[in-house]
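Summary of structural features
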Amino acid sequence: MKLFRSKSREDSGAEMSFVEHLEELRSHLFKSAVAVLIGSVVVGIYSKFIFRHILMGPAHADFPTYAILCKLSQHLGLGSKLCMDELTIKMQSNTVAGQFGVYFNVIIIGGFILAFPYVFYQFWKFFRPALTKRELRSTRGVIFWVSFLFFLGVFFGYFVIAPYTVSFFSKFQVDETITNFWTISSYFGTLAPIILGAGLAFQLPLVLFFLAKAGIVSSAFLKRSRKYAIIIILVLCGIITPPDMLSQIVCSVPLILLYEVGLILTKRVEKREAKQEIAEWS
């Protein structure tokens, strides 16, 4: 069975066998794992700072997002409605290895976030030989844009969605006799999917771009599906954010804008494809 060619065999035209294909994949996975491990070591070295000022940041009233929201509230004439001055959160660890488990998960996920550009680069190197020269020209800068959108999404998830989630659930009570007393594992288990999920969600424009390049989606299809996409985005934001109007707007508007950016990129792909077809015919 013959698969795509490796970079070293492009000049000779030889193709990789199935076993060689698996060996190549294993090599890229190993390099990615090493990169994540190195990133985890870096996170472990600065773990005290990361836990105190980053991981626990949204749990403190002096978190930058809360100060910005308070100023915005006053600027809009809403008084102190968006201020989080009375944010009091109590946490505990109720299992023997609870804190160790959180520590281990934090350094692994933190290592992955730090190593993400290199990890994507390794996967890109694996799939790149399967692309034609024409396709490669249209994917220049893909590593930069994927990494940029990922870090932008992580930034958005941490500084925007996470504080809204933490502040809402810290004050939510079904009865005044019930006190919120979180476990550290529950707190981290809530923040991690939000932050990583936002990083992946911000890849939407590039996903639509590559789907358009592959001929799977078209701008006409995306236009017809816009209302369904907005509904899906609202539902997803309703799951990962508190059920209030402001949180829904803050979460959904950037994702809707990303969908529109993907639509614009899809139109450009179709125009380029049409021009290239005309040039080939002529």
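Each chain has its residues counted from 1, following the order in which its sequence is written. pLDDT decides what is reported in this predicted model: residues at 70 or higher carry local features, side-chain atom pairs at 80 or more are listed and counted, and totals for whole chains, interfaces and linings draw on all residues regardless. Just so you know, side-chain values use all the structure's heavy atoms and leave hydrogens and water out.

**As for helix α2 (residues 47–55)**
- When we look at burial in α2, the residues that qualify are Ser 47, Ile 50, Phe 51 and Leu 55. Projected down its long axis, α2 shows its buried positions confined to an angular sector of 95 degrees, all on one face. In α2, those exposed residues whose orientation departs by more than 90 degrees from the buried face are Lys 48 and Arg 52. Think of it in three bands: with a 1.4 Å probe and only protein chains considered, a residue is buried below 20% of the maximum accessible area for its type, exposed above 50%, and partly exposed in between. Per the convention used, a helix needs a DSSP run of H or I reaching at least four residues, while a strand needs a run of E reaching at least two, with both numbered from the N terminus. Taken from the helix axis, the directions to the C-beta atoms give the arc we talk about.

**A word on a nonpolar patch on the surface**
- Any residue with relative accessible area above 30% and no salt bridge may belong to a patch, with like charges joined within 9 Å and the nonpolar Val, Leu, Ile, Met, Phe, Trp and Tyr side chains within 5 Å. The protein chains shown are the only cover counted for residues, whose accessible areas, like all others here, come from Shrake-Rupley with a 1.4 Å probe. Throughout this description, the term salt bridge denotes a Lys or Arg side-chain nitrogen within 4 Å of a carboxyl oxygen of Asp or Glu. A contiguous nonpolar patch, built from Phe 30, Val 34, Leu 37, Ile 38, Val 41, Val 42, Ile 45, Tyr 46, Phe 49, Ile 54 and Leu 114 and spanning about 1100 Å² of accessible area, is present on the exposed surface.
- Every element with two or more residues in the nonpolar patch is listed here: α1 (18–45) and α2.
- For the nonpolar patch, the element with the most residues is α1, which contributes seven residues.
- Residue position: Ile 54 is located in helix α2.

**Brief notes about the UniProt feature "transmembrane region" (unreviewed entry) in the chain**
- UniProt positions are given in the numbering used here, feature names are shortened, and annotations may be inferred rather than shown by experiment. According to UniProt, the "transmembrane region" (unreviewed entry) feature falls on residues 33–51, 100–121, 142–166, 186–212, 224–241 and 247–266.
- Taken end to end, residues 100–121 is 100% helix and 0% strand, and its first and last C-alpha atoms sit 31 Å apart.
- Spanning residues 142–166, this segment combines 100% helix with 0% strand, and its end C-alpha atoms are found 34 Å apart.

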